[in-house]
Amino acid sequence: QSSGPAADPKIAEQPKVAQRVDYTGQTITMTDVSIRVDNGKISIPVETVLEKRMVRFEYDGNGVKVPLLSYVTQNGKVITAVSMCEPCRSTRFHIKNKTLVCNACGTEWNLETLKGIQGGCLNYPPDVIPSTIVNNQIQIDEKVVSQWKPRV
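Here the structure is a predicted model, which means the values were calculated and not measured.

Asker: Sorry if this is basic, but what is going on with the side chain of serine 146 here?
Answerer: With respect to the helices, strands and loops of the structure, serine 146 is situated in helix α3 (residues 142-146). Engagement of the side chain of serine 146 in a polar contact is seen with the backbone oxygen of lysine 143, the distance being 3.2 Å. Once you skip the residues sitting within four places of it in the chain, serine 146 turns out to touch Tyr59, Asn62 and Val64.

Right under this line is the structure:
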């Protein structure tokens, strides 16, 4: 018996940036930040994500616009993903307690695993895009983002 899709395997490979973060009783909204695109890498400072807890940024290149997000899990990992709830097309989310919540449809996902908890778009959490940390910058491969396609 399966209780829906397992945790995204890409999450396991994400870098750790903090010890622990406790979101109990908190609501964290997205902060819009700007990015740098250099040598095929999209970068944002680790400090910014640690400070704001959840940021949203847009990649705009090769005629493609992709909304992205980054947040710190309670276990201190940094997650980078496409900032879209694909079925309802919302690009805004917030963190409430231990869940990631779509601002439009209210679907909730586990903050650590992005496994669906409740709502209409359970099987479509923000699509995780692997990132690395180089010189205190969170870096995402520009090619992965520019070739991204919605799952629905």
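Read on for the rest.
Asker: Would you mind showing me how to read the environment of tryptophan 109 here?
Answerer: One can find tryptophan 109 in strand β10 (residues 108-110). According to the relative accessible area criterion, tryptophan 109 is buried, its value standing at 0%. Sequence separation between tryptophan 109 and glutamate 58 is 51 residues; the distance between their C-alpha atoms is 22 Å. A polar atom in the side chain of tryptophan 109 sits 3.0 Å from the backbone oxygen of leucine 122.

Asker: Would you mind showing me how to read the sheet that holds strand β13 (residues 137-141) here?
Answerer: Note: strands within a sheet are paired through backbone hydrogen bonds, in either parallel or antiparallel orientation. Taken in spatial order, the four strands of this open sheet run β3-β4-β13-β12, and their pairing is antiparallel. Unpaired on one side and paired on the other, β3 (36-38) and β12 (131-134) mark the two borders of the sheet. For this sheet, the mean inter-axis angle between neighbouring strands, taken without regard to orientation, is 35 degrees. In terms of strand pairing, β12 meets β13 through four bridges, oriented antiparallel. Each residue of the ladder has a partner; that of threonine 132, found in β13, is glutamine 139.

Asker: Would you mind going over the pairing of β13 with me for this structure?
Answerer: Consecutive side chains along a regular strand alternate between the two faces of the sheet. Most of β13 is tucked away, with four of its five residues classed as buried. As judged from the five bridges shared by strand β4 (residues 41-45) and β13, these two strands associate in the antiparallel manner. In the sheet register, isoleucine 42 faces β13, and the bridge partner there is isoleucine 140. Hairpin geometry of β12 and β13 is characterised by an intervening segment of two residues between the two adjacent antiparallel strands and by a positive phi of about 50 degrees at asparagine 135.

Criteria and thresholds
- Position labels on residues start from 1 in each chain and follow its written sequence.
- For a predicted model such as this one, the threshold for reporting local features is a pLDDT of at least 70, and the threshold for listing and counting side-chain atom pairs is 80 or more; totals across whole chains, interfaces and linings nevertheless cover every residue.
- Calculated side-chain values reflect all of the structure's heavy atoms, with hydrogen atoms and water omitted.
- Strands here mean DSSP runs of E at least two residues long; helices mean DSSP runs of H or I at least four residues long; both are numbered from the N terminus.
- Pairs of N or O atoms are called polar contacts if they sit within 3.5 Å, as long as, within protein, a hydrogen donor faces a hydrogen acceptor (for residues adjacent in sequence, only side-chain-to-side-chain pairs).
- Working rule for contacts: check all heavy atoms of both residues, and any pair within 4.5 Å makes them a contact.
- The cut-offs for exposure are 20% and 50% of the maximum accessible area for each residue type, with area from a 1.4 Å probe on protein chains only; residues under the lower value are buried, those over the upper are exposed, and the others partly exposed.
- Here, a strand pair is defined by DSSP locating no fewer than two bridges between the strands.
- Lines fitted to the C-alpha atoms define the axes, with helices restricted to the stretch that makes contact. Angles between their N-to-C directions range from 0 to 180 degrees.

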